[in-house]
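One letter stands for each residue in the lines below.
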Amino acid sequence: MPVIDNGTCSGVIGMKNSFILLHIAIFLASCSGIFGKLIQLNEVFITWYRMFLAAIIMLFIMLFNKKRLRLTGENVKIAGAGFILGLHWIFFYGSIRYANVSVGVVCFCLSGFFTALLVPLIRKIRLSVIELLLSGLTIAGILLIFHFDSSFRTGITLGVISSLLFALFTVLNEGINKVNDIRKTTTCEMLGGTIGIGVLLPVYLYFFPAGRILPQSIDFVYLFILSLVCTVSMYLLLNRAQRNVSAFTVSLSFNLEPIYAIVLAVLIFDEDRQLTTSFCIGLALIILSLLLQMLRVIIHKKQGAVNS
């Protein structure tokens, strides 16, 4: 009879702690759509100010901890992942602007499906049928929760692109976090998004002139909270969780974000959303897919430790 030693137990406990950190990060992330609706700037400037303020906060944290940031090939690679994250936020906020919070966050649930497809392509491994089935279970839940209106077509399109970009970021981020300091990773990603989007801003403004560039006083307050709580705190938790949790599990777990965000949108913006029977069934399917994946990860961790 195999015996699970203390190292195995600590590994399982570490995995459970990672799941807790991940779900705290998801709850914080669910608030970002609300701020995207409250802030009176377009999606590009919301994203740029968000990443700029987050980068400033992270640089102060690095300075306080006496950490230095050097210009290396690895850091440039991490910054590139941050730029992809910034593009994800632009399309995410665009989806909210052209539709509503519910549409934006529900489309975001497709990131688990895209991750299941991207991981085999990027890492040259076999496609996981189980992950596709779990993604299918989630998609079924999404369709039950939200019946897409044809008037939201532009918002839905932007939302799908947003989920694809987040899936790509998650796959890249998984490898980055296994070998790098969490604070350095988050700082480089925020700087990468700030610089990358900043370079593209003149081109964007040439083709799409913005009515407002500078945030008003209340917008600045919202942006600061968005940067500190929903960006810095959230991504520090997410980056730490990804040391033990796979990219697919992260993307699948983020399917809970729409549930939190939709409830907040109903309470704050009075969006036309009711907790109907289909909503409850859809929520149950999403939670079931998450529980099955978490159980699968924990069993796999135990088996790996026993066989080692």
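About the cut-offs
- Residues numbered from 1 in each chain as written.
- Predicted model: local features only at pLDDT ≥ 70, side-chain atom pairs only at ≥ 80, totals over all residues.
- Heavy atoms only, no water.
- Disulfide = S-S within 2.5 Å.
- Buried < 20%, exposed > 50% of the residue type's maximum accessible area, 1.4 Å probe, protein only.
- Helix = DSSP H or I, 4+ residues; strand = E, 2+ residues; numbered from the N terminus.

Student: Honestly, the state of the cysteines in this entry has me stumped. Any pointers?
Tutor: Cysteine pairs can be covalently joined through their sulfur atoms, and such a bond is termed a disulfide. Tallying each qualifying case throughout the model produces 0 disulfides. Here cysteine 31 is not cross-linked by a disulfide; its sulfur's nearest cysteine counterpart is in cysteine 230, at 4.9 Å. The class of cysteine 31 is buried, set by a relative accessible area of 18%. For cysteine 230, a relative accessible area of 1% puts it in the buried group.

Student: Explain unusual backbone geometry here, please?
Tutor: Across residues other than glycine, the phi torsion is negative in most instances, and most of the peptide bonds are trans. Residue lysine 66 is not a glycine yet carries a positive backbone phi of 55°. Mapped onto the elements, lysine 66 comes out in the loop between helix H3 (43-64) and helix H4 (73-98). Residue classification places lysine 66 among the exposed residues on the basis of a relative accessible area of 77%. One non-glycine residue, lysine 124, lies in the positive phi region at around 55°. Inspection of the secondary structure puts lysine 124 in the loop between helix H6 (111-123) and helix H7 (129-145).

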